[in-house]
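Chain residues, written in single-letter form:
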Amino acid sequence: MSASAADRRIRSLRPPKTRVDPYAAHGSLLEEERRPDGKIERALTVFLAGAECAFTCSFCDLWRWTIDGPTPPGALTRQLETILQALDDPLPDRLKLYNASNFFDPRAVPSEDVPGIATLAASFAGVTVESHVNTIGRQTLAFARQIAGRLEVAAGLETIHPVASAQLNKRLDLARFDWAVRFLSENGVDLRVFVLLGAPCVAASESISWTVRTVEYAVERGASVISIIPVRGGNGEMERLQALGHFAPPSLSQLEAALDLCLQFTHTVVTADLWDVERLPACEHCRSARIERLRRLNVIGRAEPRIDCSVCGAA
Ligand code: SF4
Ligand SMILES: [Zn+2]
């Protein structure tokens, strides 16, 4: 994919990248996650180090966790082996392999490593990998056949706001999204969807409603799990857009409002992404209580009273 003027601008505004070791995963996280049937799974997320994504989305800061150049063959299997060897029993139900890029891009996941990764993943009932919808296809099915468990692909829908979607520089076409969703479903592969809260070029007053509409779009197409991700600043491009009045960092109370509204979708698991949640603008007095409430909602998926705060008063 050749670099466009937007790609070059976004890249030029980035702060320096710290060096990443291609043979050491960034870490792992063990969490409880709800599935659409109500079952609570133990899910292990492994944050793999590898090549940068070929796309250059305006809001993305995942490039910070990537190396320059392609992933060396053998690096991902070594990272995964090290994480799995350190695990205590019992083994989690799900393995999520997040490589800050696209799993089906051979520059990010060398083809020769795929069988080894499948073998390492053999004991898990579910395996989740992330991919731009444009790289979902033949290789997805090949990997689904190699793993013992059921595959789930996590893909960014981000926003269906027509103007904002075009400005994300994601090269995401809703028709292609719909095709990929049908393709996964027809082949017994589950779909997890990322939806943005605070997408640039969406008016702040409409931010929550566009997030909910985008979640609804993914629900109607059969997503199993949808994660609402507040857009973070810090990659340079977001600061440029903020200075132009096209981006306002979303707040913790907006995240709560969006999740509360999405609990109406009872056949799909909708959660708030709590990575770096401490950075979201919020009242210092009730921030922790609000974050704990979101953690509970993520797991139980049922409405709970809002936090009533004597300082900010927001309920
Ligand atoms: S496709 Fe995903 S990883 Fe790639 S630039 Fe966009 S948001 Fe970042
Ligand atoms: Zn408060």
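Residues numbered from 1 in each chain as written. Chains lettered and ligands numbered in written order. Predicted model: local features only at pLDDT ≥ 70, side-chain atom pairs only at ≥ 80, totals over all residues.

(A) Representation of the overall build of the protein chain. Across its full length, the protein chain carries 10 helices and 10 strands. Taking 2.2 N^0.38 as the reference for a compact globule, 315 residues should give roughly 20 Å; the C-alpha atoms of the protein chain span a radius of gyration of 19 Å, in line with that estimate. Its C-alpha atoms give the protein chain principal-axis dimensions of roughly 55 × 45 × 35 Å. Buried residues in the protein chain amount to 43% of all 315 residues. Sequence-distant contacts in the protein chain: of pairs separated by 6 or more residues, those separated by 24 or more amount to 77%. (Helix = DSSP H or I, 4+ residues; strand = E, 2+ residues; numbered from the N terminus. Rg over C-alpha atoms; globule rule 2.2 N^0.38 Å. Buried ≥ 20, exposed ≤ 12 C-beta atoms within 10 Å, placed from the backbone. Contact = placed C-beta atoms within 7 Å.)

(B) Fine view of the sheet that holds strand β2 (residues 40-47). Strand order across the open sheet formed by eight strands is β1-β2-β5-β6-β7-β8-β9-β10, with mixed pairing between neighbours. Pairing within the sheet leaves two strands with one partner each, and these edge strands are β1 (27-34) and β10 (269-272). Taking each pair of neighbouring strands and ignoring which way they run, the sheet shows an average axis angle of 25 degrees. Where β1 and β2 come together, eight bridges link them in antiparallel fashion. Bridged to E33 within β2 is E41. (Pairing = 2+ DSSP bridges. Axes fitted to C-alpha atoms, helices over the stretch in contact; angles between N-to-C directions.)

(C) Representation of the nonpolar core in the model. The biggest cluster of nonpolar side chains holds 77 residues, and the ones touching the most others in it are A155, V195, I228, L255 and L259. Setting aside chain neighbours within four positions, we find I228 in contact with V195, L197, T211, V215, L255, A258, L259, V270, A272 and D273. (Core = buried A, V, L, I, M, F, W, Y, C linked by C-beta atoms within 7 Å.)

(D) Spatial organisation of the packing of helix α7 (residues 207-220) against helix α9 (residues 252-262). Interhelical geometry of α7 versus α9 gives an angle of 35 degrees and a closest axis separation of 9 Å. In this structure, α7 crosses over α9, and the sense of that crossing is right-handed. Here S207, I208, T211, V212 and V215 of α7 come into contact with α9, specifically with Q254, A257, A258, L261 and C262. Its residues assigned to classes, the contact of α7 with α9 comprises seven nonpolar, three polar and no charged. (Left-handed = near helix turned anticlockwise from the far one by under 90°. Nonpolar A, V, L, I, M, F, W, Y, C, P; charged D, E, K, R; others polar.)

(E) Region of the structure containing helix α2 (residues 75-85). All of the buried residues along α2 are A75, L76, Q79 and L80. Along the axis of α2, the buried positions cluster into a sector of 125 degrees, meaning they face one direction only. For α2, the secondary structure elements touched by its buried residues are β2, β3 (50-51) and α3 (114-120). (Arc of directions from axis to C-beta.)

(F) Highlighting unusual backbone geometry. Residue D89 is joined to P90 through a cis peptide bond whose omega torsion reads -10 degrees. Tracing the sequence through the fold places P90 in the loop between α2 and β5 (94-98). Although it is not a glycine, E158 adopts a positive phi angle of roughly 65 degrees. Looking at the element boundaries, E158 is found in strand β7 (residues 150-158). On the neighbour-count criterion, E158 (22 C-beta atoms within 10 Å) is buried. A positive phi is found at R171, a non-glycine position, where the angle reads about 60 degrees. Position of R171 relative to the elements: it lies in the loop between α5 (162-167) and α6 (174-186). C-beta crowding within 10 Å serves as the criterion here: with 16 such atoms nearby, R171 is assigned to the partly exposed category.

(G) Highlighting α7. Between its first and last C-alpha, α7 extends 20 Å over 14 residues, near the 20 Å set by a 1.5 Å rise per residue. Looking at the buried residues of α7, the elements they touch are β7, β8 (190-197), β9 (225-230), α9 and β10. One or two positions beyond α7, positive phi appears at G222, with a value near 95 degrees. (Expected span 1.5 Å × (residues − 1).)

(H) Here's a closer look at the environment of F177. Along the chain, F177 turns up in helix α6. Since 22 C-beta atoms lie within 10 Å of it, F177 is described here as buried. Excluding residues that lie within four positions of it along the chain, F177 makes contacts with V133, L157 and L172.

(I) Here's a closer look at the packing of α9 against helix α10 (residues 287-300). In the contact formed by α9 and α10, the axes pass within 11 Å of each other and the chain directions differ by 25 degrees. It follows that α9 is roughly parallel to α10 by the angle criterion. Handedness of the crossing formed by α9 with α10: left-handed. Along the contact surface, α9 presents L252, L255, E256 and L259, while α10 presents R287, R290, L294 and L297. Taken together, the residues of the contact of α9 with α10 sort by class into five nonpolar, no polar and three charged. (Parallel < 35°, antiparallel > 145°, perpendicular 65-115°, else oblique.)

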